[in-house]
Amino acid sequence: MSQTLDLFPIGNCAASALIDRAGRYIWACAPRVDGDPFFCALLGGKDPAETDEAQGLWSIEVEGAVTTTQAYLRNTPILRTEIRNAEGAGVEIIDFSPRYRHLGRQYRPLAFVRIVRPIGGTPRIRIRLRPMMNYGERACDTTSGSNHIRYVGKVVTMRLTTDAPVSHIVEERAFRLEDPIGMFLGPDEGMDAEVSTTAARMLRETTDYWRGWVRTLSVPLEWQEAVIRAAITLKLCAYEETGAIVAALTTSLPEHPAAAGAGRNWDYRYCWLRDAYYVVQALNRLGAADMLENYLVYLRNLVDLASRGPMNGADATAGQPDLPGLAHGHPPNGKAGHVQPVYGVGLEPVLTEWIAPHLPGYRGIGPVRVGNQAHEHLQHDVYGQIVLSTVQAFFDDRLLRPANADDFRALEPIGERAFELHDKPDASLWEFRGREAVHTYSSVMCWAACDRLGNAAGKLGLTERADYWNSRAAKVRDTIETRSFNATEGRFAATFEGDGLDASLLQLVDVRFLPADDPRMAATMAAVETGLRRGPYMLRYAVPDDFGLPETAFNFCTFWLIEALHLSGRTDEARQLFEEMLGRRTAAGLLSEDITLDGKELWGNYPQTYSLVGLINCANLLSKSWQSIR
């Protein structure tokens, strides 16, 4: 049996884990989402079910098990797993990370709770708790007491507190489950309360929190369950302490089944400004202002760092934990206003990429990468995404902290860099590692930075600055329309003075560079669909990159196609394609980054924020109005 990405995320915006279809924790990192995976069986090379020797997991096994069913509790990331044997006896397992208001602040520890209850008789169970350290190098050291087990790792120590017999867990001994048990795996601190009672209270309060948050969302009439699940999962991809939003919860899940040796394995546990922009844009459409506000804190700190230029010898990662893969040092470009495409969740600029030698990879498809070389790239679209993410704060009266003139002045160096770089080569949003060009998408995002700064200045009554930025936006627009438009083909190209295609050209409408009915846009959309569509799915591009030809479709691009089909009047086709994508979700209702061209299997890091953003945006665009039932 091969591993699959049919996994259920749980979390609380500080801790996160992935649970497989057998109810096993197979991925979780500490002390942060980008830290050492103490549950790492996902990258252990084979399905944990294939061997009793599998490491890096937390399983609860029922003797003679024949059926397993799983589902989230409604409108929460709390997972219920039911495992039964042939006689009908079994267990109910409730898995979650606590999150609720406590003592006037949000309680969201690096912790996981499991509540295990017997159902239909008295089952015999075995608990295997096998955390690893240093990216799978060896098992954590352990010590134990009467009601706890300590797992001592290289960076962090976790403590399991439980009312189950500790020796049964230490020895992995099967035992009769006659009464419910509680397990709290969290910080290395004693618990001065009864475990099961505390776990039950945490469950109630965590349930209330998530259902209360979902009630604040403005969801479309159709596909509500899919949109709510996507929104909850996007929130799980936020590291709330700093406001960062990671691209995915995993590293090194390959882009396609033939990736062994090809190197298409990336670490996505960092904050790409592009991905985060799309996340807050999608959640804004649902009215989730909390995510926007928290991300704006992250951006304001980043803009402060960027505007100061060289770090004057200061350690770029001072005060941060000594995480594997997080190098100390300085950003590669010290110029004021320079912004990288990706940062660590604590604003770390240096994410040195290295290979973890002790993990063979998902299905044995290595390498397993830690860090991401993209922090060294020039990707000029990020200037637009910073401004686009921030500009709403100048107009939105709901926000606790609306943007002001000081915020505008802090953004102007970002706009100056956008203007300076709009016609300069970069690695593009697709992060080519071996070549550069002047990419149309990057240039359009530089235009958006200037254009939206003009809007913000107008809102603040800064007439002179509005004129200045509107003039710069007009100059960038003229450059794009002159150099990116291929007159021979009658359409825009992916690069200046080029004739190639990539799916990001479909975004010219979303960013308001062109209206959907502009003949140039219609011709561009037709060319992109002809050149990049493969059945129902879309490629990013159809030419070789640094690692050969792409062999899977990119889910986010398919959602861009769905939007374009609708905006060009082909709504029935768009709805049909949207239903196709909904049918490719995992049992958890989620998507990874890529899909095989036959649609049979998901690949790439998971859950992928890009893909969930596309789902939300298309549902909002295609759904019938609430007025149709009122």
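The preceding data block contains the structure.
**Description of the sheet that holds strand β17 (residues 157–162)**
- Strand order in the open sheet formed by eight strands is β6-β7-β8-β11-β19-β17-β16-β15, with antiparallel pairing between adjacent strands. The sheet is open, and its two borders are formed by β6 (65–72) and β15 (141–144), each paired with just one other strand. Within the sheet, the average angular offset between the axes of one strand and its neighbour, ignoring direction, is 15°.
- Lying on the sheet, helix α2 (residues 195–215) is in contact with β8 (90–96), β11 (112–119), β17 and β19 (181–187); it crosses β11 at an angle near 105°.

**Overview of the packing of aromatic side chains**
- Scanning the entire structure with this criterion turns up 31 aromatic pairs.
- A ring pair is formed by Phe556 and Tyr610, whose centres lie 4.6 Å apart and whose planes are at 20°; its orientation type is stacked. Here Tyr610 lies in helix α14 (residues 609–622) and Phe556 lies in helix α12 (residues 555–567), a separation of 54 residues in the sequence.
- On the basis of relative accessible area, Phe556 is assigned to the buried category, the value being 1%.
- Among the aromatic residues, those joined into a ring-pair cluster are Tyr277, Tyr278, Trp430, Phe432, Tyr541, Phe554, Phe556, Trp560 and Tyr610.
- A cation over an aromatic ring shows up here: Arg114 above the ring of Trp58, its NZ or CZ 5.0 Å from the ring centre.

**Some details on the packing of helix α4 (residues 273–285) against helix α6 (residues 381–391)**
- Interaxial distance between α4 and α6 falls to 9 Å at its minimum, and their mutual angle equals 30°. Classified by the angle their axes make, α4 and α6 are roughly parallel. Crossing of α4 against α6: the hand is left-handed. For the pair α4 and α6, contact is made by Leu273, Arg274, Tyr277 and Val280 and by Asp381, Val382, Gln385, Ile386, Leu388 and Ser389, respectively.
- Here the residues of the contact of α4 with α6 sort into six nonpolar, two polar and two charged.

**Notes on unusual backbone geometry**
- Look at the link from Gly366 to Pro367: it is a cis peptide, with omega at 0°.
- Tracing the chain through its elements places Pro367 in the loop between β24 (354–355) and β25 (369–370).
- Residue Pro607 is reached from Tyr606 by a cis peptide bond, and omega for that bond is -20°.
- Structurally, the position occupied by Pro607 is in the loop between β32 (602–603) and α14.
- The phi torsion at Ser252 lies on the positive side, around 70°, for a residue other than glycine.
- Topologically, Ser252 is positioned in the loop between β21 (244–245) and β22 (271–272).
- A relative accessible area of 0% means that Ser252 is categorised as buried.

Criteria and thresholds
- Residues numbered from 1 in each chain as written.
- Predicted model: local features only at pLDDT ≥ 70, side-chain atom pairs only at ≥ 80, totals over all residues.
- Heavy atoms only, no water.
- Pairing = 2+ DSSP bridges.
- Helix = DSSP H or I, 4+ residues; strand = E, 2+ residues; numbered from the N terminus.
- Axes fitted to C-alpha atoms, helices over the stretch in contact; angles between N-to-C directions.
- Contact = heavy atoms within 4.5 Å.
- Phe/Tyr/Trp six-rings, centres within 6.5 Å; stacked < 30°, edge-to-face > 60°.
- Buried < 20%, exposed > 50% of the residue type's maximum accessible area, 1.4 Å probe, protein only.
- Lys NZ or Arg CZ within 6 Å of the ring centre and 35° of its normal.
- Parallel < 35°, antiparallel > 145°, perpendicular 65-115°, else oblique.
- Left-handed = near helix turned anticlockwise from the far one by under 90°.
- Nonpolar A, V, L, I, M, F, W, Y, C, P; charged D, E, K, R; others polar.

From the geometry alone we can't say anything about function, so treat these as descriptive.
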